[in-house]
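What follows is each chain in one-letter form.
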Amino acid sequence: MSFLRRRKGTDSSKSQNLRCNIVKEDEKNNLYESPRKESYNSKKWSCWDSCCWFIGFVCSVWWFLLLLYNTMPASIPQYVTEAITGPLTDPPGVKLRKEGLTVNHPVVFVPGIVTGGLELWEGHQCAEGLFRKRLWGGSFGELYKRPLCWAQHMSLDNETGLDPPGIRVRPVSGLVAADYFAAGYFVWAVLIANLAQIGYEEKTMYMAAYDWRLSFQNTEVRDQTLSRIKSNIELMVATNGGKKVVVIPHSMGVLYFLHFMKWVEAPPPMGGGGGSEWCAKHIKAVMNIGGPFLGVPKSVSGLFSVEARDIAIARTFAPGFLDKDVFGLQTFQHLMRMTRTWDSTVSMIPKGGETIWGGLDWSPEGSSFNCGAKTLRNNSINNTDQIPNINLANMKNVNYGRIISFGKDVAEAHSSKIERVDLLQDSMKADMLTNLTNCDIWIEYHDIGDHRIKAAADYKVYTAGSILDLLHFVSPKLMARGGAHFSYGIADNLDDPKYQHYKYWSNPLETKLPDAPDMEIYSMYGVGIPTERAYVYKVTTATDCSIPFQIDTSVEGGSEDSCLKGGVFSADGDETVPVLSAGLMAAKGWRGKTRFNPSGIPTYIREYSHAPPANLLEGRGTQSGAHVDIMGNFALIEDIIRVAAGATGKELGGDHVYSDIFKWAERINLQL
């Protein structure tokens, strides 16, 4: 027992000592840990932590939604959309297939500027590994990976307008050339899919892809593109029972195909040698979508300062950002140097001068467009009775004829009150100054000098007649090449032999339509969207190496309905092409038998009143009139499919007009 008591006592003392040691150890640990806890608790939540957390949260939500979208049954998004918008209507192809329409006439697509893919066939060392990879269209991955190399390979030779030494960039072929501009951004894909619903396939559809950077005649000189289009159309007619093709050009493709119709008739070596009856034998209809027949003022701002309304607004939110050396790039300077080698841009300079576009104190449109009006969803076919009433008495006249004005006061004052210093012509005659700047990116403005820049601004205002002088002043090399390939006037006598030259073939005011009385021509375009028509500019002196002219985004019209916003005057159009350019030839110049249309080809205007998508689930909308989004407009697609299936313009219902294009046409003194 004594042994047991002794062991028990020993164990008890050991346990007591152990407990003491544990307590002491805990106290010791607490002495070391408490400073760390206090330090952790006192740490502040920094801005960097907030940014990281926010980015992580957004990325996590994005990936979760992307996973959900790709794993859910296809019926769920449709169910949600129908719950919000009501039952979905059948796409035009499905609807017309139920009516019994089937494949009939072969169709030819002619893409416009920018929308066609370009791929690399030969390049410099910086482009290693890019053989037959897309430099334009698709993912634009190479733009982000090696932007300077990309800009170098997308540029043409500034002397010849053709390939620079050691570089060959060529158009992508096939329907994939322009079905999508980038992933998820359709161009021709929706129309192609709807045509397929009634039986069309690749043997009855052809994408007339071309290098949209080149002048139209140079696409034949370098790539024989016009000859390929001729051969493919002949093949499609021969392999489809002799049925003529329906040609569907879009945007600048409208001008390109206008050039083609004259080229194919003209004798070689300048033309294709098809003869005067070629178009009559091979073409049923030309259905022009968003055609800039008479040019677009937007091209002037692009050539003058590499700007449009959206870019000018971006400059306002981030002043100087795009001009500065950001990540080794001077964005605007690179863009200007690259785009001024693209001769095709010159084809869209306004044509017809002040006769068409107005002068210092008048313009055809006047004040008949309410820039603040909200668009109704009224784009059903032949539905012209829902056009909102516009109180013209409360609207102010706009001098759209002044395409460029330096200052709001100049844009709005009567011409008699504008004091112009006519220094432009004298300064243009002066010798060009040598490049004395140390700019990394050379552009032509660096050779002009402050005196000549001031002279351009002191001229105050430019109309469609004087805008050519200004563009020759700021971009002499491009305009010299452009002058050899394009024209901008109105012919006095179309029988003059000089109009047999290819430079006139894409100008509808200086050329005749083919001798094809059974062919039809459609002008199809969106209306109801404020579209750039004229600009208020300012001279900027930010740095010696910057572009000296900018749209003055501080200039506003002063009311919600004003057509002057952010330094840009807007008129009715499709956001890119004004109605005046897209519709005047069909409304007047080609209407009936005229000197521009001697065989009396029937012409029809099909306007589509813009209705934006009701919600995000509708995507880019099925009733859009915007310049590219209209390619998914159900009413337009239905019109095209009906004509391709054999319908005529009269069977479509003839003209379908929302705008005042016929009223404007009456104000234009165009000798017919």
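Under an unreviewed UniProt entry, the name given to the protein is phospholipid:diacylglycerol acyltransferase, and the organism recorded is Gossypium darwinii. The UniProt entry for the protein carries the following comment under Sequence similarities (unreviewed entry): "Belongs to the AB hydrolase superfamily. Lipase family." Under the heading Catalytic activity (unreviewed entry), UniProt records this for the protein: "a glycerophospholipid + a 1,2-diacyl-sn-glycerol = a monoacylglycerophospholipid + a triacyl-sn-glycerol".

A. Structural detail: the overall build of the protein. When helices and strands are counted, the protein shows 24 helices and 17 strands. In the protein, which comprises 672 residues, the proportion classed as buried is 52%. Intrachain contacts of the protein at a sequence separation of at least 6 include 76% that bridge at least 24 residues. Of the roughly 31300 Å² of accessible surface on the protein, a fraction of 56% belongs to carbon and sulfur atoms.

B. Highlighting the sheet that holds strand E3 (residues 134–136). A sheet is described by the order of its strands in space; here three strands give the open sequence E3-E2-E4, paired in antiparallel fashion. Every other strand in the sheet has two partners, leaving E3 and strand E4 (168–171) as the edge strands with one partner each. Between one strand and the next, the sheet's axes are offset by a mean angle of 45°, whatever the strand orientation. Bridge analysis of strand E2 (residues 118–122) against E4 gives four bridges, and the strand direction is antiparallel. Note on E4: the bridge partner recorded for Leu118 is Pro171.

C. Up close: the state of the cysteines. This model, assessed by the stated rule, comprises one disulfide. Each sulfur in the disulfide pair Cys126 and Cys149 lies 2.1 Å from the other. In this structure the cystine formed by Cys126 and Cys149 twists about its S-S bond by roughly 80°; its chirality is therefore right-handed. Taken together, the residues Cys126 in the loop between E2 and E3 and Cys149 in helix H6 (residues 147–154) connect sequence positions 23 residues apart.

D. Region of interest: the pairing of strand E1 (residues 107–110). Where burial is concerned, the two faces of E1 agree: the one with Val107 and Phe109 and the one with Val108 and Val110 are both buried. In this sheet, strand E8 (residues 245–249) lies alongside E1 in parallel orientation, the contact comprising four bridges. The residue bridging Val107 from the neighbouring strand is Val246, located in E8. In terms of strand pairing, E1 meets strand E7 (residues 205–207) through three bridges, oriented parallel. Paired with Phe109 across the two strands is Met207, which belongs to E7.

E. A look at the pairing of E8. Within E8, five of the five residues are buried, leaving the element largely enclosed by the surrounding structure. Of the two faces of E8, the one carrying Val245, Val247 and Pro249 and the one carrying Val246 and Ile248 are both buried. By the bridge criterion, three bridges tie E8 to strand E9 (residues 283–289) in an arrangement that is parallel. Looking across to E9, one finds that Val245 is bridged to Ile283.

F. Layout of the pattern of salt bridges. Applying the stated rule across the entire model yields 24 salt bridges. Its salt-bridge partner being Glu119, residue Arg132 comes within 3.7 Å of it at the nearest N-O pair. Taken together, the residues Arg132 in the loop between E2 and E3 and Glu119 in strand E2 connect sequence positions 13 residues apart. Accessibility expressed as a relative area gives 47% for Arg132, which makes it partly exposed. Among the residues examined, Glu119 registers a relative accessible area of 8% and is labelled buried. A salt bridge links Asp211 to Arg222, with the nearest nitrogen and oxygen atoms 2.9 Å apart. Taken together, the positions of Asp211 in the loop between E7 and helix H8 (216–223) and Arg222 in helix H8 put the pair eleven residues apart, joining distant regions of the chain. Taken as a pair, Asp211 and Arg222 share a single burial class, namely buried. Bridged by salt links that share partners, the residues Asp163, Arg170, Asp211, Arg213, Arg222 and Asp223 form one connected network.

G. Fine view of the environment of Trp188. Considering the arrangement of structural elements, one finds Trp188 in the loop between strand E6 (185–186) and helix H7 (189–197). The exposure class assigned to Trp188 is buried, which follows from its relative accessible area of 0%. Separated by twelve residues in sequence, Trp188 and Val176 have C-alpha atoms that sit 9.1 Å apart. Residue contacts for Trp188: discarding those within four places in its chain leaves Phe109, Val110, Pro111, Ala178, Asp179, Met207, Ile248, Pro249, His250 and Met631.

H. Representation of the nonpolar core in the model. Core analysis: the biggest nonpolar cluster contains 161 residues, and Phe109, Trp188, Phe260, Ile283 and Ile404 have the highest contact counts within it. If one sorts the elements of this core by residue count, helix H10 (residues 252–265) sits on top with ten residues. Of all hydrophobic cores here, the second largest spans twelve residues; its members include Cys371, Tyr400, Val555 and Phe569.

I. The arrangement of H8 in detail. Most of H8 is tucked away, with seven of its eight residues classed as buried. Looking at H8, one finds that the buried residues are Phe216, Gln217, Asn218, Thr219, Glu220, Arg222 and Asp223. Within two residues after H8, Gln224 carries a phi angle of roughly 55°, on the positive side.

J. Molecular detail of the sheet that holds E7. Read from one edge to the other, the open sheet built from six strands follows the order E7-E1-E8-E9-E12-E17, with strand pairing classed as parallel. Two strands close off the open sheet at either side, each with one partner strand: E7 and strand E17 (603–609). Strand after strand, the sheet turns through a mean of 15° between neighbouring axes, direction not considered. Note that strand E12 (residues 520–527) and E17 share seven bridges and pair parallel. What sits directly across from Tyr525, in E17, is Glu607. Where H7 meets the sheet, its contacts fall on E1, E7 and E8, and the angle it forms with E1 comes to roughly 175°. Contacts between H10 and the sheet are confined to E1, E8 and E9, with E9 contributing the most and set at about 150° to the helix.

Calculation criteria
- Residues numbered from 1 in each chain as written.
- Predicted model: local features only at pLDDT ≥ 70, side-chain atom pairs only at ≥ 80, totals over all residues.
- Heavy atoms only, no water.
- UniProt positions renumbered as here; feature names shortened; annotations may be inferred.
- Helix = DSSP H or I, 4+ residues; strand = E, 2+ residues; numbered from the N terminus.
- Buried < 20%, exposed > 50% of the residue type's maximum accessible area, 1.4 Å probe, protein only.
- Contact = heavy atoms within 4.5 Å.
- Areas by Shrake-Rupley, 256 points an atom, 1.4 Å probe, with all protein chains shown as cover.
- Pairing = 2+ DSSP bridges.
- Axes fitted to C-alpha atoms, helices over the stretch in contact; angles between N-to-C directions.
- Disulfide = S-S within 2.5 Å.
- Salt bridge = Lys/Arg side-chain N within 4 Å of Asp/Glu carboxyl O.
- Core = buried A, V, L, I, M, F, W, Y, C linked by side-chain atoms within 4.5 Å.

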